[in-house]
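# Descriptive structure summary
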Number of protein chains: 2
Amino acid sequence: MAENNIPHRLYLHENEIPAKWYNLRAGMKEQPDPMLLPDGTLAREEHLYPVFCKELAHQELDATTEYVDIPKEVIDIYKVYRPAPLCRAYDLEEYLGTPAKIYYKFEGNNTSGSHKLNSAVAQAYYAKAEGLKGITTETGAGQWGTALSEAARYFGLDLVVYMVKVSAEQKPFRKIMMETFEAKVLASPSDTTNVGRAILESDPDNSGSLGTAISEAIEVAVTTEGYRYVLGSVLNQVLLHQSIIGLESELALKRLGEYPDVVIGCAGGGSNLGGLIAPFMRDKIAGKNDIRVVAVEPASCPSFTRGKYAYDFCDTGKTTPLARMYTLGSGFKPSANHAGGLRYHGMSPILSKLYHDGYMEAIAVEQSSVFEAAKLFARLETILPAPESSHAIKATIDEALKCKETGEAKTILFGLTGTGYFDLNAYDQYNKGTMTDHIPTDEDLEKSLADLPQIGI
Amino acid sequence: MAENNIPHRLYLHENEIPAKWYNLRAGMKEQPDPMLLPDGTLAREEHLYPVFCKELAHQELDATTEYVDIPKEVIDIYKVYRPAPLCRAYDLEEYLGTPAKIYYKFEGNNTSGSHKLNSAVAQAYYAKAEGLKGITTETGAGQWGTALSEAARYFGLDLVVYMVKVSAEQKPFRKIMMETFEAKVLASPSDTTNVGRAILESDPDNSGSLGTAISEAIEVAVTTEGYRYVLGSVLNQVLLHQSIIGLESELALKRLGEYPDVVIGCAGGGSNLGGLIAPFMRDKIAGKNDIRVVAVEPASCPSFTRGKYAYDFCDTGKTTPLARMYTLGSGFKPSANHAGGLRYHGMSPILSKLYHDGYMEAIAVEQSSVFEAAKLFARLETILPAPESSHAIKATIDEALKCKETGEAKTILFGLTGTGYFDLNAYDQYNKGTMTDHIPTDEDLEKSLADLPQIGI
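These figures come from a predicted structure and were not determined experimentally.

Conventions used here
- Residues numbered from 1 in each chain as written.
- Chains lettered and ligands numbered in written order.
- Predicted model: local features only at pLDDT ≥ 70, side-chain atom pairs only at ≥ 80, totals over all residues.
- Heavy atoms only, no water.
- Contact = heavy atoms within 4.5 Å.
- Buried area = accessible area lost by both parts, 1.4 Å probe.
- Salt bridge = Lys/Arg side-chain N within 4 Å of Asp/Glu carboxyl O.
- Polar contact = N/O pair within 3.5 Å; in protein donor to acceptor, adjacent residues only side chain to side chain.
- Helix = DSSP H or I, 4+ residues; strand = E, 2+ residues; numbered from the N terminus.
- Nonpolar A, V, L, I, M, F, W, Y, C, P; charged D, E, K, R; others polar.
- Buried < 20%, exposed > 50% of the residue type's maximum accessible area, 1.4 Å probe, protein only.
- 1 Å grid on protein atoms, 1.4 Å probe; cavity = no way out; pocket = protein on both sides within 12 Å on 5 of 7 lines; lining within 4 Å.
- Points joined across faces, edges and corners; volume = space filled by probe spheres on them.
- Domains from an automatic or database assignment.
- Least-squares fit on C-alpha atoms with pLDDT ≥ 70 in both.
- Pairing = 2+ DSSP bridges.
- Core = buried A, V, L, I, M, F, W, Y, C linked by side-chain atoms within 4.5 Å.
- Disulfide = S-S within 2.5 Å.
- pLDDT = per-residue confidence, 0-100.
- Axes fitted to C-alpha atoms, helices over the stretch in contact; angles between N-to-C directions.
- Lys, Arg positive; Asp, Glu negative; His and termini not counted.
- Expected span 1.5 Å × (residues − 1).
- Parallel < 35°, antiparallel > 145°, perpendicular 65-115°, else oblique.
- Left-handed = near helix turned anticlockwise from the far one by under 90°.

### Overview of the interface of chain B and chain A
Listed per partner, the contact involves 47 residues of chain B and 47 residues of chain A. A combined buried area of about 4500 Å² lies between chain B and chain A, and 56% of that area is made up of carbon and sulfur atoms. Across the contact surface, chain B and chain A share two salt bridges. With its nearest N and O atoms 3.0 Å apart, the salt bridge here joins Lys375 of chain A to Glu182 of chain B. Counting every contact that joins chain B to chain A gives 22 residue pairs in polar contact (both at pLDDT 80 or more). Only helix H3 (72-81), helix H6 (143-155), helix H8 (172-180), helix H15 (367-381) and helix H17 (424-432) of chain B provide two or more residues apiece to the side of chain B that touches chain A. Of the residues in the side of chain B that touches chain A, the class split is 21 nonpolar, 13 polar and 13 charged.

What follows is the structure, given as structure tokens:
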């Protein structure tokens, strides 16, 4: 069914992997509000050194360098699993009867099963290059922890992963996967940190949250000689590394003579979305295109669509600097029936600013409709998508059906961030009809937002 | 580290997918002994019609057509996930310090996670084209059942899968995966067939075997209107479809100016090995090369290395025609501690004949050494290999280390048949040091071989 010789899956040659990441901030007309220390003063690079290795602290605050060289050692690993394919969803288009052209960038073709590896190898490389002994991190659904386990093992770094307890219990195989790459995996809250012990003391059955796991991982990093902390989303440095997704997509589309009218990505902390849209948003800000950029988030964790644009902590323990972002409050936890990732209380400060300034749209979708889209996609495209990615599939299908109504032959690009091999319990619920949706009430959100720090408001 | 611009992963364009499968039998100097009915008379195409759809019955017995057109509808699906990449294991070479060049054909880049989809889509297509309502099959480790679920769903066929009970219990996620593609999955032995009920009556705790599951699936197929049976390995038709692996490998290697000195593949029923070696063995038989072909089987299920070359039933219930093959006896079951697939009692008649005539070598390896190789590979190549595939990795590493000793820069090609996402319990055992090996005693094998049918001996 391929038309104009556009293949179902286009793989660039490894020599076409971009040599530089693109720093989305550098092209923004207005900068995101700066990171602040908890006392309200400006966070500088050196303030971050206890937490991040130096090069990553630099990248975190560097708002001016447009293109950053990707180290040769990182390119060497990218070549083992990249370029990731740009796929044309011919069968989905035909099934929907839409005039739209649907492309997706598939980032699941590596063992970690998601795009997270792109930043994991970069962060592990910089840590190793600085002579560190080990790193710590948190993981929720497990994609980031798995990716970082791979990367740390590759570079010979020790790794301690704090895994949100409810995920660790629901996803034992994620834990085994990380252990297969020699990572030490601890369920969070744990009794190995002050933060964890305090939480367990007041609430022994606490099922954990990303925010708590972050607090624990940071505590260990700053108190252990030769260790630093790394994070898989939200941060500016992560969006920088993930720009490889968008840059490859841009190049592959150009090869096909295509340019997207709409770019759609799921949004949890923003790592995939920020990476996917980077070059397209660069051109939009510069007035070179008029595309639509759509963030898709879970209705059960709706930071863009129902959160507040305010300074907040990045963790539950309130130990991190403050970022101005769309947030549900650092104590927010999505309902226990929420499947997969996209469960963070905040959102990338870069994306938050772009959304606030009207460069992006955001929608929230319920998970039962997400799994319906996921199953249709699996059947037609031979890929079982991760629940996270399936948020973008759901929105893409809706967009393509609108095109069917209007007759517009739009070119849609969405990010297929990963595979769902570790989410089969959620698929099982959906298959059996026992999956439920949960939308936080206004009261829920008022409560979690009541706790925002009184800074910069 | 890529030299001569040979990429880590070479993807051909979808228009380069071979238009025809290669029928390995057609080039053989001596044919495998013919399939016989249980009474010892020759099986003809029409004898197979109650079990297989007509085109597949034809392919099963066709020893003369060298190249078989791949139907357009099958090519259309191949294009969604093929060509599969030919990979160069630079990091593994460097780690081993070998002068050998190691290539592998990676067949895990589809949701089923293995090469099995290549034959599944072909068999499902022919069944649909003949107007059938549904198909039945068996699955052990679950790769075949998953692949066929995808294929059946794609073509809109009903599917009933008999899954070896011990696997169904160890791998609940495989079952969910199949159900996500709307397959009906039953643990075998079951109470839904005469064969199953008879086994359960004499042995209520019977944990199942591939042979039993085959018997059940065939019984349902031949007694249900509009149903036929399909099988994922062993059969001649399956090797025909899987030749796509070897043909793509040959083409990709040619593009790189390479030709293998050694081709290595894991061997259970022979579907991957027979497909991988097809064009290389074609040329070897024709005297155009002098390559080594190595089958790697589990020491716990050693049909090539310790089985008997004799006529045997393909199932435990003794309902199928008889094939002359290397067999451990149709009642053989590998020890319960055996992980993954490669647990069939017999071996492809085509490969059995080639082995018998000296065209191939075979070795047996123990699973703890296989998982050691698997973990090393995962660390270096960012792919978590299936246990089955890891048998070939183990043999490849040993071959590359021999090259290190001798200084020979051999070109090795092995088949990386799939991913290990559903085998993490086995990885967990290996990680924890609780994995054990099991080699059947001579007495075990004498016992299971004592039951061979007294035909053609």
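Back to the write-up after that little detour.
### A few points about the pattern of salt bridges
All names here are of chain A. According to the stated counting rule, one finds 50 salt bridges over all chains in the structure shown. A salt bridge links Arg306 to Asp442, with the shortest nitrogen-to-oxygen separation between them at 2.9 Å. Note that Arg306 is positioned in helix H13 (residues 303-306) and Asp442 in helix H18 (residues 442-449), a separation of 136 residues in sequence. Residues Glu399 and Lys410 are paired through a salt bridge, measuring 3.3 Å at the closest nitrogen-oxygen approach. Residue Glu399 is found in helix H16 (residues 387-406), and its partner Lys410 is found in the loop between H16 and strand E15 (411-416); the two are separated by eleven residues along the sequence. Judged by relative accessible area, Lys410 falls into the buried class, the value being 18%. Each member of the salt-bridge network shares a partner with another, and the members are Arg292, Glu361, Glu399, Lys402 and Lys410.

### So, the layout of surface pockets
Residues and elements named next belong to chain A. Reported here for the largest pocket is a volume of approximately 430 Å³. Around the largest pocket sit 28 residues that line it, and Pro34, Met35, Glu60, Leu61 and Asn236 are the ones nearest its centre. Secondary structure elements with two or more residues in the lining of the largest pocket: helix H2 (54-61), helix H10 (210-223) and strand E13 (322-327). If one sorts the elements of the lining of the largest pocket by residue count, E13 sits on top with three residues. A domain split of the lining of the largest pocket shows at least three residues from each of domain 1 (9-17 + 81-113 + 236-449) and domain 2 (20-67 + 115-229).

### Regarding the relation of the copies chain B and chain A
For these two chains of identical sequence, chain B goes onto chain A by a turn of 180 degrees and a shift of 0.0 Å along the axis, with RMSD 0.0 Å. Those values place the two copies in the arrangement expected of a two-fold rotation axis. When the interface residues of chain B are mapped onto chain A, 100% of them again lie at the interface, so the same face is used by both copies.

### Side note on the pairing of strand E12 (residues 308-313) of chain B
Residue and element names in this part refer to chain B. Among the six residues that make up E12, five are buried, leaving the element largely enclosed by the rest of the structure. As paired strands, E12 and strand E13 (residues 322-327) are joined by six bridges and run antiparallel to one another. Looking across to E13, one finds that Phe313 is bridged to Leu322.

### Considering the nonpolar core
Formed by 105 residues in total, the largest nonpolar core has its most connected members in Trp21, Leu354 and Met360 of chain B. Here this core spans two domains, and each of domain 1 (9-17 + 81-113 + 236-449) and domain 2 (20-67 + 115-229) of chain B adds at least three residues to it. Within the second largest apolar cluster, 104 residues are counted, among which are Val74, Leu240, Ile244 and Phe304 of chain A.

### Digging into the state of the cysteines
Counted by the stated rule, this structure contains zero disulfides over all chains. Not part of a disulfide, Cys403 of chain A finds its nearest cysteine sulfur in Cys87 of chain A, a span of 20 Å. Among the cysteines around Cys53 of chain B, which has no disulfide bond, Cys314 of chain B carries the closest sulfur, lying 17 Å off. The class for Cys53 of chain B is buried, based on a relative accessible area of 2%.

### Quick word on the confidence of the model for chain A
Scored by pLDDT, chain A has a mean of 95; 99% of the residues are at 70 or more. Under the prediction, the complex receives an ipTM of 0.93, its pTM being 0.96.

### Examining the sheet that holds strand E14 (residues 361-365) of chain A
Residue and element names in this part refer to chain A. Read across the open sheet, the seven strands follow the order E1-E4-E5-E15-E10-E11-E14; overall the sheet is mixed. Two strands close off the open sheet at either side, each with one partner strand: strand E1 (9-10) and E14. With six bridges joining them, strand E5 (residues 101-106) and E15 adopt parallel strand pairing. When the sheet's bridge partners are listed, Ile102 is paired in E15 with Ile412. Strands in contact with helix H15 (residues 367-381) are E1, strand E4 (86-88), E5, E14 and E15; relative to E14, the strand with the most contacts, it is inclined by about 95 degrees.

### A few points about the sheet that holds strand E5 (residues 101-106) of chain B
Residues and elements named next belong to chain B. Spatial strand order, E1-E4-E5-E15-E10-E11-E14: seven strands in an open sheet with mixed pairing. Of all the strands in the sheet, the pair left with one neighbour each is strand E1 (9-10) and strand E14 (361-365). Sheet analysis places strand E4 (residues 86-88) next to E5, joined by three bridges and oriented antiparallel. Within E5, the residue paired with Leu86 across the bridge is Lys105. Across the face of the sheet, helix H11 (residues 236-255) comes into contact with E1, E4, E5 and strand E15 (411-416) while running at roughly 140 degrees to E5.

### Examining the side chain of Glu388 of chain B
Residue and element names in this part refer to chain B. Note on placement: Glu388 falls in helix H16 (residues 387-406). At 5.4 Å, Lys171 is the nearest oppositely charged side chain to Glu388, a buried residue that forms no salt bridge. Dropping the residues within four chain positions of it, Glu388 is found in contact with Ala141, Gln143, Cys266, Gly340, Gly341, Leu342 and Thr417.

### Thoughts on H6 of chain B
Residue and element names in this part refer to chain B. For H6, spanning 13 residues, the distance from its first C-alpha to its last is 19 Å, which sits close to the expected 18 Å at 1.5 Å a residue. In terms of burial, H6 is a largely internal element, eleven of the 13 residues being buried. Every buried residue of H6 is listed here: Gln143, Trp144, Gly145, Thr146, Ala147, Leu148, Ser149, Glu150, Ala151, Ala152 and Phe155. Against the buried residues of H6 lie H3, helix H5 (117-129), strand E6 (134-139), strand E7 (158-164), H8 and H16. Two residues or fewer past H6, Gly156 is found with a positive phi of approximately 75 degrees.

### Looking at the packing of helix H8 (residues 172-180) of chain A against H17 of chain B
The geometry of H8 of chain A relative to H17 of chain B is characterised by a closest axis approach of 9 Å and an angle of 45 degrees between their N-to-C directions. Between H8 of chain A and H17 of chain B, the interaxial angle falls into the category oblique. Considering how the two elements wind past one another, H8 of chain A and H17 of chain B form a crossing that is left-handed. Residue-level inspection shows Phe173, Ile176, Met177, Glu179 and Thr180 of chain A of H8 of chain A in contact with H17 of chain B, the latter providing Leu424, Asn425, Tyr427, Asp428 and Asn431 of chain B. Among the residues forming the contact of H8 of chain A with H17 of chain B, the class breakdown is five nonpolar, three polar and two charged.

### What to know about the side chain of His338 of chain B
Residues and elements named next belong to chain B. Residue placement: His338 occurs in the loop between E13 and helix H14 (349-356). Among the polar contacts made by the side chain of His338, one reaches the side chain of Ser300 at a distance of 2.7 Å. Discounting residues that sit within four places of it in the chain, His338 has contacts with Pro298, Ser300, Arg343 and Gln367.

### Topic: the pairing of E6 of chain B
Residues and elements named next belong to chain B. When you tally the buried positions in E6, you get six out of six residues, the bulk of the element. Covered by surrounding structure in E6 are Gly134, Thr136 and Glu138 together with Ile135, Thr137 and Thr139, the residues of both alternating faces. In this structure, E6 lies alongside E7, joined through six bridges in parallel fashion. Residue pairing across strands places Glu138 opposite Tyr162, the latter belonging to E7. With three bridges joining them, E6 and strand E9 (residues 227-229) adopt parallel strand pairing. Bridging from a neighbouring strand, Ile135 pairs with Arg228 of E9.

### Let's talk about the environment of Gly246 of chain A
Residue and element names in this part refer to chain A. Summarising the element assignment, Gly246 is placed in helix H11 (residues 236-255). Taking the relative accessible area as the measure of exposure, Gly246 reaches 0% and is therefore buried. Sequence separation of Gly246 and Pro279 is 33 residues, and the distance between their C-alpha atoms is 6.1 Å. Each residue touching Gly246, except ones within four places of it in the same chain, is listed here: Gly275, Leu276, Pro279 and Phe280.

### Side note on unusual backbone geometry
Residues and elements named next belong to chain A. The amide bond that connects Arg82 to the next residue, Pro83, takes the cis arrangement and shows omega of -10 degrees. Position of Pro83 among the secondary structure elements: in the loop between helix H3 (72-81) and E4. Even without a glycine there, the phi angle at Lys318 is positive, about 60 degrees. Relative to the helices and strands, Lys318 resides in the loop between strand E12 (308-313) and E13. A relative accessible area of 31% means that Lys318 is categorised as partly exposed.

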